[in-house]
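Report on the structure
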Amino acid sequence: MFKKILIANRGEIACRVIQTAKKMGILTVAVYSDADKEARHVELADEAVHIGAAPSRESYLQADRIIAACKKTGAEAVHPGYGFLSENEAFARKVEEEGIAFIGPKHYSIAAMGDKIASKKLANEANVNTIPGWNDAIETAERAVEIAKDIGYPVMIKASAGGGGKGLRVAFNDNEAFEGFTSCRNEARNSFGDDRVFIEKFVEEPRHIEIQVLGDSHGNVIYLNERECSIQRRHQKVIEEAPSPFISDATRKAMGEQAVQLAKAVKYQSAGTVEFVVGKDQSFYFLEMNTRLQVEHPVTECITGLDLVELMIRVAAGEQLPLTQEQVKRNGWAIECRINAEDPFRSFLPSTGRLVKFQPPAETMFASDTEHLNGVRVDTGVYDGGEIPMYYDSMIAKLIVHGKDRQHAIARMREALNGFVIRGISSNIPFQAALLAHPKFVAGDFNTGFIAEHYGKGFHAEDVPHADPSFLVALAAYVHRRYRARASGISGQLEGHGVKVGEQFVVVELGPEGKHVHHPVSVTDFHGKTGASAVAVGGKNYKIDSGFALGSIRVQGTVNDRPFTAQVERGAGKNPLALRVSHDGTQIEAMVLSPLGARLLEQMPYKAPPDLSKFLMSPMPGLLVEVSVQPGQQVRAGEKLAVIEAMKMENVLFASQDGVVGKISAGKGESLAVDQIILEFN
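Residues numbered from 1 in each chain as written. Predicted model: local features only at pLDDT ≥ 70, side-chain atom pairs only at ≥ 80, totals over all residues. Heavy atoms only, no water.

1. Observations concerning the packing of aromatic side chains
The criterion, for reference: Only Phe, Tyr and Trp rings take part, Trp by its six-membered ring, and two of them pair if their centres are within 6.5 Å. Stacked means planes under 30 degrees apart, edge-to-face means over 60, and tilted covers everything else. A run of H or I in DSSP counts as a helix once it spans at least four residues, and a run of E counts as a strand once it spans at least two, with each numbered from the N terminus. Relative accessibility thresholds used throughout: buried, under 20% of the residue-type maximum; exposed, over 50%; partly exposed, between the two (1.4 Å probe, protein chains only).
Inspection of every chain in the model, using the stated rule, returns 17 aromatic pairs. Judged by centre distance (5.1 Å) and plane angle (75°), the rings of F431 and F459 are edge-to-face. With F431 in helix α13 (residues 429–437) and F459 in the loop between α15 (450–454) and α16 (469–488), this pair connects stretches of sequence that are 28 residues apart. Owing to a relative accessible area of 1%, F431 belongs among the buried residues under this scheme.

2. Structural notes on the pattern of salt bridges
To be explicit about the condition: A pair is scored as a salt bridge if a Lys or Arg side-chain nitrogen falls within 4 Å of a carboxyl oxygen belonging to Asp or Glu.
Applying the stated rule across the entire model yields 52 salt bridges. For the salt bridge of R292 with E87, the shortest nitrogen-to-oxygen distance reads 2.8 Å. Residue R292 is located in the loop between β14 (284–290) and α10 (297–304), and its partner E87 is located in the loop between β4 (77–79) and α4 (89–97); the two are separated by 205 residues in the primary sequence.

3. Side note on the nonpolar core
Note the following rule: In these notes, a set of buried Ala, Val, Leu, Ile, Met, Phe, Trp, Tyr and Cys residues joined through side-chain atoms within 4.5 Å is what counts as a nonpolar core. It only takes one pair of heavy atoms within 4.5 Å for two residues to be counted as in contact.
By size, the foremost hydrophobic cluster in this structure holds 40 residues, and its most contacted members are I231, I239, I339, I396, L399, I422 and L435. Secondary-structure elements contributing two or more residues to this core are β12 (236–242), β15 (333–340), β20 (376–380), β22 (395–403), α12 (406–418), α13 and α15. Ignoring sequence-local partners within four residues, the contact set of I422 consists of I339, L355, K357, F358, I396, S427 and I429. Counting residues in each nonpolar core, the second largest holds 33 residues, with I13, I222, L308 and V328 among its members.

4. Details of the side chain of H297
Relative to the elements of secondary structure, H297 occurs in helix α10. H297 has contacts with I13, R16, R227, L308, V309, R377 and K398, leaving out every residue within four places of it along the chain.

5. Structural notes on the sheet that holds strand β25 (residues 517–525)
Short version of the rule: When DSSP finds two or more bridges between a pair of strands, those strands are recorded as paired. Comment: axis = line fitted to C-alpha atoms, over the contacting stretch for helices; angle = value between 0 and 180 degrees taken between N-to-C directions.
Pairing in this closed barrel of 8 strands is antiparallel, and the strands run β24-β25-β26-β27-β28-β29-β30-β31 around the ring. Along the sheet, successive strands turn relative to each other by an average axial angle of 35°, direction set aside. This element, α12, spans β29 (562–570) and β30 (579–583) of the sheet and lies at about 25° to β29. Each of β24 (504–509), β25 and β31 (586–593) touches helix α17 (residues 595–602); the most contacted strand, β24, lies at about 35° to it.

6. Quick word on the packing of helix α1 (residues 11–23) against helix α11 (residues 308–316)
Condition: An angle below 35 degrees is treated as roughly parallel, one above 145 as roughly antiparallel, one from 65 to 115 as roughly perpendicular, and anything else as oblique. Helix crossings are classified by the rotation of the near helix relative to the far one: an anticlockwise turn of less than a right angle makes the crossing left-handed, while a clockwise turn makes it right-handed.
It is at 9 Å that the axes of α1 and α11 come closest, and there the two elements cross at 65°. One finds that α1 runs roughly perpendicular with respect to α11. As for how α1 packs across α11, the hand of that crossing is right-handed. Where α1 approaches α11, its residues R16, V17, T20 and K23 are matched on the opposing element by L308, V309, E310 and I313.

7. A look at helix α8 (residues 174–192)
To keep it simple, the criterion reads: Expected helix span is given by 1.5 Å per residue-to-residue step, counting one fewer step than there are residues. In this description, one arc is meant: the one made by directions from the helix axis to the C-beta atoms. Side-chain atoms alone can form a polar contact between residues adjacent in sequence; in general such a contact is a pair of N or O atoms within 3.5 Å, and within protein one must be able to donate a hydrogen while the other accepts it.
With 19 residues, α8 extends 26 Å between its outermost C-alpha atoms, agreeing within 8% with the 27 Å of an ideal straight helix rising 1.5 Å per residue. The complete set of buried residues in α8 reads A177, G180, F181, C184, R185 and A188. Looking straight down α8, one finds its buried side chains confined to an arc of 135°; they lie on one side. For α8, the N-terminal cap is N173; the gap from its side-chain oxygen to the backbone nitrogen of N175 is 3.2 Å. Of the residues trailing α8, G193 is marked for its positive phi of about 70°.

8. Quick look at the environment of L355
Turning to its location among the elements, L355 is positioned in the loop between β18 (353–354) and β19 (357–359). As for L355 and R599, which are separated by 244 residues in sequence, their C-alpha atoms are 39 Å apart. Excluding its chain neighbours within four sequence positions, the residues that come into contact with L355 are V382, Y383, D384, G385, G386, I388, I422, R423 and I425.

9. Thoughts on the sheet that holds strand β13 (residues 270–278)
Strand order in the open sheet formed by 8 strands is β14-β13-β10-β11-β12-β15-β22-β20, and the pairing between neighbours is antiparallel. Every interior strand has two partners, whereas the edge strands, β14 and β20, have only one. Averaged over all pairs of adjacent strands, the angle between strand axes in this sheet comes to 25°, irrespective of strand direction. Summarising the sheet, strand β10 (residues 207–215) and β13 pair through 9 bridges and their orientation is antiparallel. Bridged to E210 within β13 is E275.

Listed below in structure tokens is the structure:
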């Protein structure tokens, strides 16, 4: 077994590999860029080597520097994680040539599966179901239209070297096939330096289901069941689960056996994933093979009780697989939510900056014992007070739950999301809560078009209806009364003018443009029971009991003897006197006043916010890479004004109306904050 390994990656996957290496008694070496010198993976590793500037092309993609770091530290093996160089055949070959073990498949397996056209031909030869299509590079748009007609619409036009949703179009007619081919080719050339494009049948109501395979250097290959990855936004996975709520045991077995056939055909050694597209009739077709560890590997670990990182390390060290196909377990149900640094209420724009608070829900460790279902796991590469840099992807953490069945796992995930405290940046937790509560998701009735179908016009607060909105009002009143009770006990108050706790309140739910909703509420304590109150609101009665500490954000307790987790914060919104209450993805801002205070508030005039329409403001934190206009320039609605880059995404800002550019306040290369003024119009 290796004595020391280097992790050629960053963030949560680097921390995940370090965790297993420590368990195995293996020393670890981290590599880091300028932006990551204080990152969690650097702190956790036994040694760390600086490999370059913040942009990944100047650090984590520098193969020679990573190999030099191995030699400098005496690392005998490299784990590439996922992304960066993990599926780079040249890197894997160079590592092997230098006498360093690559904790992943051999370079020839990566090469065979890395090209979508070549891998599809290989899959055909291995008797793996493939989607009908034209598997050779297509030269012209006219020829693309002819081929599309022969296959039959709809068709999918794909770049051979594509990935991450780039170089991908769906065409339903000749015109879309012509334009889609041209767009794919240009996108592929710009993104990957390879403009080869092919066409295949588009499977309607498709589900994205993948099979986890594991091979060793002794010719053994097994499959570890499937993962359901159909909940995607712009071809990026959002929620993954294992097993799939859709496929039958017979389909699972057939898919698993075909995945093993393909892995054996390329002499696969290590953990890998064979991705399939599955039609509504359970017909399945090979999509591609990911020759690395997947982001969503924890859900497979939950239901099988296996540590995939440990098995990768053992296989790379020459050991045989410790189990046969018959010994692979399928225990319970696991779900993973990707917690990303993005603002779902602002078109999912990236959100970077300081994590003022990062308090994930409490973890329960995952054991391999089938008698025990494990609750909550958090895989992350960040910490309270740490920084989310703009140079890398947007994932903050992965939240994984394991339950006895799917409904149990969904309930556990909703509760875990309720307790996940992130402040300083925006996160997609409200969106995840909405997805988990959606009736069609709960029923398992979805496909890869689910998010586009149900949230095609963006995500809004009203997309998360609460099952019991009065509970949020009751919780605001309960917490407010706890604060008043503490204030009443402060010594030195003027006699006759001390804080009176009171029992009658009005919760004023703050609405847009001064349209507030008033809820009369009474709160009375249960005698002899600290932290328990009876709250009456709108004809409903709640017994709320919690031992939370005043000043903490997470509130846990029981309501009418049922457990709950919510978040309550003072002064978090625009009004410093208001409480912000969040539960099950729904959020309200409310002031809790005396009946007289509420009547007086109604007499207050509404103050409209200033008109900011003459300013172009940054919708997110990021790097200003281009200002496309000059002072005095006449612009038309829809004309490009500026380009901002953050988390591998370019965002182009366009003029919303005609106008004349006045002062330009920010220059190219400047780091922008949210709502920072870039320019103004005369």
